[in-house]
Amino acid sequence: MQTRPPIGSILKAAVIGGLIAALVVAVFNFFVTEPVIDRAIALEELLRHVQEATGETLLVDRDTQRVGLFVGFVLYGLAWALLFAVVFHLTQGRFKTMRASSYGLLLALLMGWSVAVFPFLKYPANPPGVGDPETIQYRQILYLAFVMLSGVATIVSLAVCRYLGRLTLRRHGGSPRWLMAAAVYVASAAVLYTAMPANTDPVHMPNDVVWPFRLLSLAGLGLFWTLFAGSFAWLIRARSVPGARRMPAVPRPQHL
Amino acid sequence: MTLQVPGLQMAKGQLLVGMSILALLMLYVVALDQGLLLSLVQGNLAFDQNLLHEITHDARHAAGFPCH
């Protein structure tokens, strides 16, 4: 019998996994991405000085922002860890044939794809100096809408998968329903990707700043979600081994 | 139904809702805020200073959120 880990264990594994992934990715970005951000900011200031001499003083200097990189990723890691724990807890009973660690790994990778990697493919990250401050609200709405709809597409596909599993009472390997769910996902993701308006901001930065930044940003996101998925699965595994449940306080009556 | 999380006892529904709200608030701070949250204490100054945006700036760019 597969035991389902209790919410306390899920929360603990998710938070620890989220913090591990967040810190590793922050260190990665600190050493690899920060130099690109610095180049972009230097270029941005050069452009701004040519256009107008703005008398603004910086409240938050670059060193503080580099510390903020860690603060930001810890917030990112904790936030997704909590949301993941909620979703995992609410849905783990729906896929009874999977171990908690396998389901955790799958769910975390699907979540990472849906809320980070797929949105990135539509709205790639930009270094400082690219975004037009006038359009920030519009771009935020687009991004947020894309993340939410992308999540909905994944959830609907998983629901289709489970619904088909119920319909066919006789099991035949399981692959047809996974294929059906994958087909539903690919179709809805393609509609979402083409229907959402593009980011229309012009990119004034040179390509040798923009593209390294984008690749490093994507690598960081991939690193975060694989590390999170792996750590969670590893931390929850002790709870998912058949028969790992603690001894009940009151012994059950023996039936023969 | 109540459950035990070390050091705290509450209904499971409350815990799940609480976790979700906390998570969304943290995501809002790291991904979206342009001064609104601190304007509750700082007033209009918050929109000029944009402290949360400035502090989470590098993570916001690196994580692919729209910025500037």
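If you're wondering where the values come from, they're calculated on a predicted model, not measured in any experiment.

**Looking at the confidence of the model for chain B**
Overall, the predicted model of chain B reaches an average pLDDT of 88, with 87% of residues at or above 70. Reported for the predicted complex are a pTM of 0.88 and an ipTM of 0.88.

**A closer look at a positive patch on the surface**
There is a patch of like positive charges on the surface, built from R4, R94, K96 and R166 of chain A. Considering the arrangement of structural elements, one finds R94 of chain A in the loop between helix 2 (62–91) and helix 3 (100–122).

**Structural notes on the nonpolar core**
One recurring pattern in soluble globular proteins is that nonpolar side chains are buried together. Ranked by size, the top nonpolar core spans 76 residues in total, and within it F73, Y76, F84, W225 and F228 of chain A carry the most contacts. Of all the secondary structure elements, the ones that give two or more residues to this core are helix 1 (7–51), helix 2, helix 3, helix 4 (136–167), helix 5 (175–195) and helix 6 (207–240) of chain A together with helix 1 (12–31) and helix 4 (51–62) of chain B. Not counting chain neighbours up to four residues away, the residues in contact with W225 of chain A comprise Y76, W80, A108, L109, M111, G112, V115 and A116 of chain A.

**Topic: unusual backbone geometry**
Both trends apply: most residues other than glycine have a negative phi, and most peptide bonds are in trans. The backbone phi angle of N50 of chain B is positive, close to 50°, even though this residue is not glycine. Looking at where N50 of chain B falls in the secondary structure, it is placed in the loop between helix 3 (45–49) and helix 4.

**A word on the side chain of N50 of chain B**
Residues and elements named next belong to chain B. The class of N50 is buried, set by a relative accessible area of 11%. One polar contact links N50 to Q34, side chain to side chain, over a distance of 3.2 Å. Of note is the side chain of N50, whose polar atom sits 3.3 Å from the backbone nitrogen of G35. Setting aside residues no more than four positions away along its own chain, N50 makes contact with D33, Q34 and G35.

**Looking at a nonpolar patch on the surface**
Side chains of V27, F30, F31 and V32 of chain A sit close together on the surface and give an oily, nonpolar patch of about 340 Å² of accessible area. Here V27 of chain A lies in helix 1.

**Brief notes about helix 4 of chain B**
Spacing of three or four residues puts side chains on the same side of an α-helix, whose turn is 3.6 residues. Residues and elements named next belong to chain B. Most of helix 4 sits inside the fold, with nine of its twelve residues counted as buried. When helix 4 is considered as a whole, its buried residues turn out to be L52, H53, T56, H57, D58, A59, R60, H61 and A62. G64 lies just past helix 4 and shows a positive phi near 90°.

Reading guide: rules and limits
- Residues numbered from 1 in each chain as written.
- Chains lettered and ligands numbered in written order.
- Predicted model: local features only at pLDDT ≥ 70, side-chain atom pairs only at ≥ 80, totals over all residues.
- Heavy atoms only, no water.
- pLDDT = per-residue confidence, 0-100.
- Patch = residues over 30% accessible without salt bridge, like charges linked within 9 Å, V, L, I, M, F, W, Y side chains within 5 Å.
- Areas by Shrake-Rupley, 256 points an atom, 1.4 Å probe, with all protein chains shown as cover.
- Salt bridge = Lys/Arg side-chain N within 4 Å of Asp/Glu carboxyl O.
- Lys, Arg positive; Asp, Glu negative; His and termini not counted.
- Charge placed at Lys NZ, Arg CZ, Asp CG, Glu CD.
- Helix = DSSP H or I, 4+ residues; strand = E, 2+ residues; numbered from the N terminus.
- Core = buried A, V, L, I, M, F, W, Y, C linked by side-chain atoms within 4.5 Å.
- Buried < 20%, exposed > 50% of the residue type's maximum accessible area, 1.4 Å probe, protein only.
- Contact = heavy atoms within 4.5 Å.
- Polar contact = N/O pair within 3.5 Å; in protein donor to acceptor, adjacent residues only side chain to side chain.

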